[in-house]
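# Overview (structure and organization)
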Amino acid sequence: VAEIIEDLSIEQANFIFQLMDEEKSALVLMELEEDTRENLLSFLSAKEIATEVIENLESDDATDVISELPEGQKEEVLSLIEDDEHASDIEDLLNYDEDTAGGLMAKELIKVNENWTTLRCLKEMRKQSKQVKKVHSIYVVNEEEKLVGTLSLRKLLLTESRINISEITNYEIISVLASVDDEEVANIMNKYDLIVIPVIDKGGVLLGRITIDDVMDVVKEEAEKDYQMASGITEDVESSDSVWQLTRARFPWLLIGLFGGLLGAFIINVFLPEQEESNFQLAFFIPLIAAMGGNVGVQSAAIVVQGLANESIKIDTIFRKLVKELGVALLNGIICSTIIFGATFTLYERIDLSLTVSLSLMAVIVFAALFGTFVPLTLEKYKIDPALATGPFITTVNDVLGLVIYFLIGSAIL
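Rules used in this analysis
Residues numbered from 1 in each chain as written. Predicted model: local features only at pLDDT ≥ 70, side-chain atom pairs only at ≥ 80, totals over all residues. Heavy atoms only, no water. Pairing = 2+ DSSP bridges. Helix = DSSP H or I, 4+ residues; strand = E, 2+ residues; numbered from the N terminus. Contact = heavy atoms within 4.5 Å. Axes fitted to C-alpha atoms, helices over the stretch in contact; angles between N-to-C directions. Salt bridge = Lys/Arg side-chain N within 4 Å of Asp/Glu carboxyl O. Buried < 20%, exposed > 50% of the residue type's maximum accessible area, 1.4 Å probe, protein only. pLDDT = per-residue confidence, 0-100.

## Quick notes on the sheet that holds strand β5 (residues 176-177)
Pairing within the open sheet is mixed, and its three strands lie in the order β5-β6-β7. The two strands at the open ends of the sheet, each matched to only one other strand, are β5 and β7 (206-211). Relative to strand β6 (residues 196-200), β5 is paired through two bridges, and the arrangement is parallel. Bridge pairing links Val 176 to Val 199 in β6. Contacts from helix α12 (residues 182-191) reach β5, β6 and β7 within the one sheet, and its direction differs from that of β6 by about 135 degrees.

## Section: the pattern of salt bridges
As a working rule, side chains carrying opposite charge can pair if their charged atoms are close by. Using the criterion set out here, one finds ten salt bridges in the structure. Across the pair Lys 74 and Glu 71 runs a salt bridge, and its minimum N-O distance is 3.1 Å. Here Lys 74 pairs with Glu 71, and both are found in helix α7 (residues 71-80), just three residues apart, close to one helical turn. Residue classification places Glu 71 among the exposed positions, given a relative accessible area of 62%.

## What to know about the confidence of the model for the chain
For the chain, the mean per-residue pLDDT works out to 86, and 92% of the residues sit at or above 70. Taking the mean pLDDT of every element in the chain, the minimum, 76, falls on helix α14 (residues 243-271) and the maximum, 97, on β5.

Spelled out as structure tokens, the structure:
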């Protein structure tokens, strides 16, 4: 239904939206793109949003909807929610940064006390399950509401009714603090193949739980953001955004590329006239040197950024990674330089020119690989998104410095 609504005009979308029952319309709303959701909500009053939408969503989704509302409308909608406990949960979640575990979690869950018997546990679970649409896990807490473990539903059903829960509790549990970054949550759930993970505070008190569908949204958003950064887009934009928004997001990196091109032209102007007329063939290889430097740099940066994202590369392994990338660059450089030496000598039958181009290519490949590795690692160390290192930045710098290396070697040999 959401996919169909996305293809309609806003008036048609609102007509379809009004035909659905409250529970379905609320669920459809969460599947829509943010802009479409915002437009549909603009047709509803604060009372309708509170009773028809918010009260039919779990706390995490309800919080997302309320956080997107204009500031003046947030308080009004919260005050009109009839379920006081639901309103309190949403207010609590609004206090967390949206990029943290607290901002991702939902409050609805089933928890039991480790001192209860299995019979009491089943009775309490029946009461709690009225508020929970999907039971992913049963959490076990102590008298202080601190998370101590999880309970298998299978064990619960097969165990005698008078047995204490503590005897069948799994005390090996993976949890995250509410303050943990959402990317870290995604990495932990991926590492341990979890479909749900509990969230606790610094004292170990159980606060909520995060499910795999919420984490998938984070992974998708981060992938889109990194791809845009790698493409030289500085803001989070959609294809449906205005011409001005799209231009503003793209222009800064295009400007950097423009100045890089001007600097490259200046370098050519400085070095090329110094060469003898017989060495004009140097100019033929300028695109080759610039392109190879940019390509190698982007490849190295992309691998490092990917490694930092999935935590297969740590900051304390910088030296080892640089040494490894040096080895790769040397091997690639030797192969490419050998090929270009043979091709240049075949074309021009000049040892000096062939040697200049091949040595320059070797030096540029090694430099670009190390530079492409070092920059994202440095950005990560200073808490700057390393995805900025890929794309236009690496390409522009390597183009300029590659030309400098090329002409310095050319001046020395020719």
